[in-house]
Amino acid sequence: MRKKIIAANWKMYKDLAEANDFFTFFIDKLPKTKAEVKIGTSYTNLWHAFETTRNYPIEIVAQNLHQEEKGAYTGEVSASMLKSIGIETVIIGHSERREYFGESDHILKQKVTTALKNNLNIIFCIGEKLSDRKANNHFDLVKSQLKNALFDLNKKDWKHIVLAYEPVWAIGTGETASPEQAQEMHLFIRNTIAGKYGNELAENVRILYGGSVKPDNAGTLFSQPDIDGGLVGGASLEVDSFIEIIKAV
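Residues numbered from 1 in each chain as written. Predicted model: local features only at pLDDT ≥ 70, side-chain atom pairs only at ≥ 80, totals over all residues. Heavy atoms only, no water.

**Observations concerning the overall build of the protein**
To be explicit about the condition: Starting at the N terminus, helices and strands are each numbered in turn, a helix being any DSSP run of H or I of at least four residues and a strand any DSSP run of E of at least two. Two things to know: the radius of gyration comes from C-alpha atoms, and the globule rule equals 2.2 Å times the number of residues to the power 0.38. Three labels apply to residues, based on accessible area from a 1.4 Å probe with only protein chains included: buried if under 20% of the type maximum, exposed if over 50%, partly exposed otherwise in between. Contact criterion: two residues are considered in contact whenever any of their non-hydrogen atoms come within 4.5 Å of each other. Surface accessibility follows the Shrake-Rupley procedure with a 1.4 Å probe radius. Residue values consider only the protein chains on display as shielding.
When helices and strands are counted, the protein shows 11 helices and eight strands. Rg of the C-alpha trace for the protein: 17 Å, near the compact-globule value of 18 Å for 249 residues, within the 12% margin. With respect to the three principal axes, the spread of C-alpha positions in the protein is 45 × 45 × 35 Å. Residues classed as buried in the protein amount to 53% of the 249 residues present. For the protein, restricting intrachain contacts to residue pairs at least 6 apart in sequence, the fraction spanning at least 24 positions comes to 72%. Split by element, the accessible area of the protein, about 11,800 Å² in all, is 50% carbon and sulfur.

Encoded structure:
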């Protein structure tokens with residue numbers, strides 16, 4: 001039985017004071033849950049968030065890293081820097097990184113390699129734009145994202161990989177893929193992995209849904225057989241809404 005994950009992606013929200021206020025109330029309200037709870041904060045909040053939550057069942061994760069180990073890359077953060085402050089997991093390939101910062105499959109493959117070399121776990125994001133779905137190209141697009149960035153990995157590497165399916169047309173738009181649409185893509189992803197690595201590995205890979213998860217749709221989404229939790233954006237910024245999503249597991 002795959003263990004559910006509820007992961008928050010705060011994106012470029014919350015300064016240090018705002019993050020501190022969130023954790024003050026969140027820790028007090030955190031329910032007992034069978035799910036793993038992860039929160040992706042900005043770089044400036046990582047150390048404080050890690051120290052604040054180290055004695056609670058909350059993992060602080062990074063939203064990105066640079067593909068090089070070190071060097072003259074002003075403004076970037078390396079895998080070893082993340083490791084040095086206790087971070088064990090990094091989000092790679094979020095649709096906003098692909099869209100706004102030009103992160104290609106080739107760059108993302110390099111980032112995956114660097115993260116694994118440094119013993120970091122990965123939440124790897126894949127997903128299609130509305131134009132891809134309207135053109136009935138969404139399955140091919142997601143398959144190519146998987147293959148180009150991850151299909152050179154060894155089987156043993158996959159124990160460090162969690163996937164997050166993001167229908168880009170449902171992020172920050174108020175739109176949500178129906179549970180049936182989400183399940184259909186999650187099953188397709190699992191079957192694609194099975195075709196490369198076999199059923200046993202595919203059945204153990206956890207695949208999160210990352211398209212406008214909210215308290216009122218979380219339970220229905222999480223009840224789908226191939227959806228193993230959520231990568232939550234806007235609804236994770238408020239304590240009460242994020243708590244309700246965790247309770248939906």
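**Topic: the pairing of strand S6 (residues 161–165)**
Defined as follows: For two strands to be treated as a pair, DSSP must find at least two bridges joining them.
Among the five residues that make up S6, five are buried, leaving the element largely enclosed by the rest of the structure. Of the two faces of S6, the one lined by Ile161, Leu163 and Tyr165 and the one lined by Val162 and Ala164 are each fully buried. Sheet topology note: the strand S5 (residues 121–126)/S6 ladder contains five bridges and is parallel. Its bridge partner lying in S6, Ile123 is registered against Val162.

**Some thoughts on the environment of Ala35**
Note on placement: Ala35 falls in the loop between helix H1 (16–29) and strand S2 (36–41). Separated by 211 residues in sequence, Ala35 and Ile246 place their C-alpha atoms 7.6 Å apart. When residues no more than four places from it in sequence are discounted, the contact partners of Ala35 are Lys3, Lys4, Ile6 and Val249.

**A closer look at unusual backbone geometry**
Trans peptide bonds make up the majority, and among non-glycine residues the majority have a negative phi. One non-glycine residue, Asn119, lies in the positive phi region at around 60°. Relative to the elements of secondary structure, Asn119 occurs in the loop between helix H5 (105–117) and S5. Residue classification places Asn119 among the exposed residues on the basis of a relative accessible area of 53%.

**A look at helix H2 (residues 43–53)**
Counted only if it meets this: Working note: the arc is built from the helix axis to C-beta atom directions.
Three or more residues of H2 are buried, namely Asn45, Leu46, Ala49, Phe50 and Thr53. On an axial view of H2, the arc spanned by its buried residues comes to 135°, and they lie on one face. Looking at the buried residues of H2, the elements they touch are H1, S2, strand S3 (58–62) and helix H3 (79–84).

**Description of the pattern of salt bridges**
Should their charged atoms come close, side chains of opposite charge can pair. Quick reminder of the rule: Just to be clear on terms, a salt bridge is a Lys or Arg side-chain nitrogen sitting within 4 Å of an Asp or Glu carboxyl oxygen.
Tallied over the entire structure, the rule returns 20 salt bridges. In this structure, Arg206 engages Glu36 in a salt bridge whose closest nitrogen and oxygen atoms are separated by 3.1 Å. Of this pair, Arg206 sits in the loop between helix H9 (199–204) and strand S7 (207–209) while Glu36 sits in strand S2, placing them 170 residues apart in sequence. Notably, a salt bridge pairs Asp105 with Arg98, separated by 3.1 Å at the nearest N-O pair. The exposure class of Asp105 is buried, given its relative accessible area of 19%. Under the relative-accessibility criterion, Arg98 is labelled buried at 16%. Several salt bridges converge on common partners, so that one network encompasses Arg2, Arg190, Glu203, Asp226 and Asp228.

Purely geometric numbers; function is a separate question.
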